[in-house]
Amino acid sequence: YGPPGGLHVDGLGASVRSDFGLFFEAFVGRPVTSIRAHTLGPQPDFTDATVAYGARVGYEDAGKLALSTSYAERWGHGIVGTRAVDVVATWDPGVLQLEGSVKIDALNPGVMQARAVALLTLMRELEVDVNYLHVEPSRWIAAWSILSAFETSNFDEVMTGVTVRVTRTLALRGEGAARIY
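The sections below set out a description of the structure shown in this document.

The rules behind each value
Residues numbered from 1 in each chain as written. Predicted model: local features only at pLDDT ≥ 70, side-chain atom pairs only at ≥ 80, totals over all residues. Heavy atoms only, no water. Pairing = 2+ DSSP bridges. Helix = DSSP H or I, 4+ residues; strand = E, 2+ residues; numbered from the N terminus. Axes fitted to C-alpha atoms, helices over the stretch in contact; angles between N-to-C directions. Buried < 20%, exposed > 50% of the residue type's maximum accessible area, 1.4 Å probe, protein only. Contact = heavy atoms within 4.5 Å. Polar contact = N/O pair within 3.5 Å; in protein donor to acceptor, adjacent residues only side chain to side chain.

**With respect to the sheet that holds strand S7 (residues 79-91)**
On the basis of which strands lie adjacent, the open sheet formed by ten strands has the order S1-S2-S5-S6-S7-S8-S9-S10-S11-S12 and antiparallel pairing. The two strands at the open ends of the sheet, each matched to only one other strand, are strand S1 (9-17) and strand S12 (170-180). Taking the axes of each pair of neighbouring strands and ignoring which way they run, one obtains an average angle of 10° across the sheet. Relative to S7, strand S6 (residues 65-76) is paired through twelve bridges, and the arrangement is antiparallel.

**A few points about the pairing of S7**
Linkage of S6 to S7, two consecutive antiparallel strands, is achieved through a turn of two residues, within which His-77 is found at a positive phi near 55°. Strand direction decides the pairing type here: S7 and strand S8 (residues 96-105), joined by eight bridges, are antiparallel. Bridging from a neighbouring strand, Val-87 pairs with Val-102 of S8. Turn length for the S7-S8 hairpin, with the two strands adjacent in sequence and antiparallel, is four residues, and the turn residue Gly-94 shows positive phi of about 150°.

**Focus on the environment of Glu-157**
Residue placement: Glu-157 occurs in strand S11 (residues 155-167). For Glu-157, a relative accessible area of 18% translates into the label buried. Considering only alpha carbons, one finds Glu-157 and Tyr-132, 25 residues apart in sequence, at a separation of 5.7 Å. For Glu-157, the contacting residues outside a window of four places in its chain are Asn-131, Tyr-132, Leu-133, Ala-178 and Arg-179. One polar contact links Glu-157 to Arg-179, side chain to side chain, over a distance of 2.9 Å.

Keep in mind these numbers describe shape, not what the thing actually does.
Printed below as a string of structure tokens:
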């Protein structure tokens, strides 16, 4: 959860879990941003006023059901860069596994990304899956970034695939996808 693309934070984190599956996690710290000012590759840079923090609460029943919601915020150059709310659910009753997630831009309300997956295990050697993805790339770029000046196209993608396990160590997969801008 948190800002798109993940986040490396030097800071503090805490997690509490109950015996019956409830959990709470929180973090706060300074994002480590890479700069390319040296010839040996990216180096950590701590020159700007930056901070990131967030929390997640949810329920997990291993292998059957998982639900969580989270909030994370990242500041850079003294202004808020990203505020994201994530809602994630997974349900696995047996032969059919369902997953869904949505990442919401809380700074400028709207959907950043939504995803749905259905995986059907017909037999141990044969699986069929269907995926749907909606992405609004412009919501992934911080307002203070020069990249925010460029127009990006939203898109929806539908994909389906079939996996055949020939042996325990070899699987063949065929898939097809359509992307709509």
